[in-house]
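Here are the chains, one letter per residue:
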6 protein chains.
Amino acid sequence: MPYINIKITREGVTAEQKARLIAGATQLLVDVLGKNPATTVVVIDEVDTDNWGIAGEQVTRRRERGR
Amino acid sequence: MPYINIKITREGVTAEQKARLIAGATQLLVDVLGKNPATTVVVIDEVDTDNWGIAGEQVTRRRERGR
Amino acid sequence: MPYINIKITREGVTAEQKARLIAGATQLLVDVLGKNPATTVVVIDEVDTDNWGIAGEQVTRRRERGR
Amino acid sequence: MPYINIKITREGVTAEQKARLIAGATQLLVDVLGKNPATTVVVIDEVDTDNWGIAGEQVTRRRERGR
Amino acid sequence: MPYINIKITREGVTAEQKARLIAGATQLLVDVLGKNPATTVVVIDEVDTDNWGIAGEQVTRRRERGR
Amino acid sequence: MPYINIKITREGVTAEQKARLIAGATQLLVDVLGKNPATTVVVIDEVDTDNWGIAGEQVTRRRERGR
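In this report, the structure presented in the accompanying data block is examined. (Residues numbered from 1 in each chain as written. Chains lettered and ligands numbered in written order. Predicted model: local features only at pLDDT ≥ 70, side-chain atom pairs only at ≥ 80, totals over all residues. Heavy atoms only, no water.)

All right, on to the overall build of chain A then. Counting its regular elements, chain A contains two helices and four strands. Along its sequence from the N terminus, chain A presents helices and strands in the succession β-α-β-β-β-α. In summary, chain A has a C-alpha radius of gyration of 15 Å against a globular reference of 11 Å for 67 residues, an excess of more than 25%. Here the C-alpha coordinates of chain A stretch approximately 45 × 25 × 15 Å along the principal axes. (Helix = DSSP H or I, 4+ residues; strand = E, 2+ residues; numbered from the N terminus. Rg over C-alpha atoms; globule rule 2.2 N^0.38 Å.)

Moving on to the environment of Val13(F). Residue placement: Val13(F) occurs in the loop between β1 (3-9) and α1 (15-33). Between the C-alpha atoms of Val13(F) and Trp52(F), which are 39 residues apart in sequence, the distance is 16 Å. Among residues more than four places away in sequence, those in contact with Val13(F) are Leu33(D), Ile8(F), Lys18(F) and Glu46(F). (Contact = heavy atoms within 4.5 Å.)

Another aspect to go through is the interface of chain D and chain A. Chain D puts 16 residues into the contact, and the matching count from chain A is 12 residues. Across the chain D/chain A interface, buried area totals approximately 1100 Å², and carbon plus sulfur atoms make up 53% of it. Between chain D and chain A we count one salt bridge in total. A salt bridge links Arg61(A) to Glu16(D); the nearest nitrogen and oxygen atoms lie 3.7 Å apart. At the junction of chain D with chain A, the criterion picks out seven residue pairs in polar contact (both at pLDDT 80 or more). Broken down by secondary-structure element, the contributors of at least two residues to the side of chain D that touches chain A are α1 (15-33) and β2 (41-47) of chain D. Looking at which element gives the most residues to the side of chain D that touches chain A, the answer is α1(D), with seven residues. Taken together, the residues of the side of chain D that touches chain A break down into 11 nonpolar, two polar and three charged. In the sheet, strand β3 (residues 52-54) of chain A pairs with β2(D) via three bridges, with the strands oriented antiparallel. For Ile54(A), the partnering residue across the bridge sits in β2(D) and is Val41(D). (Buried area = accessible area lost by both parts, 1.4 Å probe. Salt bridge = Lys/Arg side-chain N within 4 Å of Asp/Glu carboxyl O. Polar contact = N/O pair within 3.5 Å; in protein donor to acceptor, adjacent residues only side chain to side chain. Nonpolar A, V, L, I, M, F, W, Y, C, P; charged D, E, K, R; others polar. Pairing = 2+ DSSP bridges.)

Turning to the interface of chain A and chain E, a few remarks are in order. Interfaces are often sized by the accessible area lost when the parts come together. Each partner contributes residues to the interface: chain A has 27 residues there, and chain E has 27 residues. Between chain A and chain E lies a buried interface of about 2200 Å² when both sides are counted; carbon and sulfur atoms form 73% of it. At the junction of chain A and chain E, the tally comes to zero salt bridges. Linking chain A with chain E are seven residue pairs in polar contact (both at pLDDT 80 or more), by the criterion used here. Contributing elements (two or more residues each) for the side of chain A that touches chain E: β1 (3-9), α1 (15-33), β3 and α2 (59-64) of chain A. Ranked by residues supplied to the side of chain A that touches chain E, first place goes to α1(A) with 10 residues. Across the side of chain A that touches chain E, the residue classes tally to 16 nonpolar, five polar and six charged. Taken together, the five bridges between β1(A) and strand β1 (residues 3-9) of chain E define a ladder with antiparallel strand orientation. Each residue of the ladder has a partner; that of Tyr3(A), found in β1(E), is Lys7(E).

Our focus in this paragraph is the pairing of strand β1 (residues 3-9) of chain D. Residues and elements named next belong to chain D. The element β1 is extensively covered by neighbouring structure, given that seven of its seven residues are classed as buried. Side chains of β1 alternate between two faces, with Tyr 3, Asn 5, Lys 7 and Thr 9 and Ile 4, Ile 6 and Ile 8 buried alike. Pairing geometry for β1 and β2, over seven bridges, is parallel. In the strand pairing of β2, Tyr 3 is matched with Val 41. Of the crossover connections in this fold, the one passing from β1 over α1 to the parallel β2 is right-handed. (Buried < 20%, exposed > 50% of the residue type's maximum accessible area, 1.4 Å probe, protein only. Right-handed = clockwise from strand over helix to strand, strands pointing away.)

Reading across the sheet, the eight strands line up as β4(A)-β3(A)-β2(D)-β1(D)-β1(F)-β2(F)-β3(C)-β4(C) and stay open at both edges, with mixed pairing between neighbours. Looking along the sheet, the strands with just one partner apiece sit at the ends: β4 (57-58) of chain A together with β4 (57-58) of chain C. Strands in contact with α1(D) are β3 and β4 of chain A, β1 and β2 of chain D together with β1 of chain F; relative to β2(D), the strand with the most contacts, it is inclined by about 140°. (Axes fitted to C-alpha atoms, helices over the stretch in contact; angles between N-to-C directions.)

The next point concerns the pattern of salt bridges. Residue and element names in this part refer to chain F. Inspection of the entire model under this criterion finds 42 salt bridges over all chains. Linking Lys 7 and Asp 45 is a salt bridge whose minimum nitrogen-to-oxygen distance equals 2.8 Å. Note that Lys 7 is positioned in strand β1 and Asp 45 in strand β2 (residues 41-47), a separation of 38 residues in sequence. In this structure, Glu 57 and Arg 65 form a salt bridge, with 2.5 Å as the shortest nitrogen-oxygen distance.

Here we come to the relation of the copies chain A and chain E. Superposing chain A onto chain E takes a rotation of 180° combined with a translation of 0.0 Å along the rotation axis, leaving an RMSD of 0.0 Å. The operation mapping one copy onto its partner corresponds to a two-fold rotation axis. Closest approach to the rotation axis among the C-alpha atoms of chain A is made by Asn5(A), whose C-alpha sits 2.6 Å away. Looking at the interface residues of chain A, 100% of them are also at the interface in chain E, so both copies use one shared face. (Least-squares fit on C-alpha atoms with pLDDT ≥ 70 in both.)

In this section: the pairing of strand β2 (residues 41-47) of chain E. Counting buried residues along β2(E), seven of its seven residues qualify, which places the element largely inside the surrounding structure. Residues Val41(E), Val43(E), Asp45(E) and Val47(E) line one face of β2(E) and the alternating positions Val42(E), Ile44(E) and Glu46(E) line the opposite face, and both faces are buried.

Least-squares fitting of chain D to chain A yields an RMSD of 0.0 Å, with the transformation described by 0.0 Å of translation along the axis and a rotation of 120°. Taken together, these values place the two copies in the relation of a three-fold axis. Nearest to the rotation axis, the C-alpha of Asp45(D) is located 5.7 Å from it, this being the minimum over chain D.

Next up, the structure:
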């Protein structure tokens, strides 16, 4: 029954990588807490780099500086 | 003043259906808790089926198998 | 498979009222979108009135003024 | 280390305005709580007006009436 | 820079189990997407069983029936 | 109509500090986007340091090491 939300920047994540995130997060809840995978939900949000900030700055600008 | 967030897969939900979700969720808070609808906010997130997992698996793959 | 999050102020909501919110929100997704209730998740967050603001002001203070 | 999520309707917000929201929200946490900006995250979600409701009504319809 | 939110029912999860969830979710983002762990944030929300619903029913009631 | 969610660790934040976060976040949306403060909602979540992780580690442990 757990609900896991993964927020990442939208930078070319593939469907295969998303599948691995979903499988891995679900397995983590099984391994650590014995949760039932059948009702474990994982939602991945991809966020434009203009809409994500860290250290007070847009990721877009950090990427321009090679960070 | 309640805030309601509805997350669903992005699979052709119409504007009319969204309007019904918004009206229904707002009315539910009025009926059960007597909340003021004027400041009740509903936000609907539509999530790509590649980005939604249940039972450790992408919804995209489940749909391919007819589930 | 929908996920519904209801945020309300913590002001004496009863277990029975929460049960009605859960049942009502689940039924709304069945009625409007034909979703499967078995995998529909509802999470209710109760937030202290000190931690909820509207119009730039804490709800605690609004309640003190009878609003 | 704070995490700030700002949800607004998708109505032509510019990259420059987003940069100001990110800088301003980060600075607010520094000023009020002395938080470290280096690990402060801000995520802006832009939501279609069909998917945002207030007072039980889609913002799209409110905009049509000039509200 | 990813942000991961794990919502589970409040049913005696230990500090050690939470530490394993945090370490495991962070490592998952490193393994699958090569993310920097230093700025990866994990937040665990524990939700009272009265406030969590599935299949239209409170978890509290499901637990009473041994589910 | 914006919705702003601020997540911070639960470490003795006062009601006065919360009031300043609410007022400041609301004003930010007025200043940058001309939003109507009357329907701007701010919700502050305080999260136990056991439940917040960064760099794969619980904040509780980081605090023990003086970080």
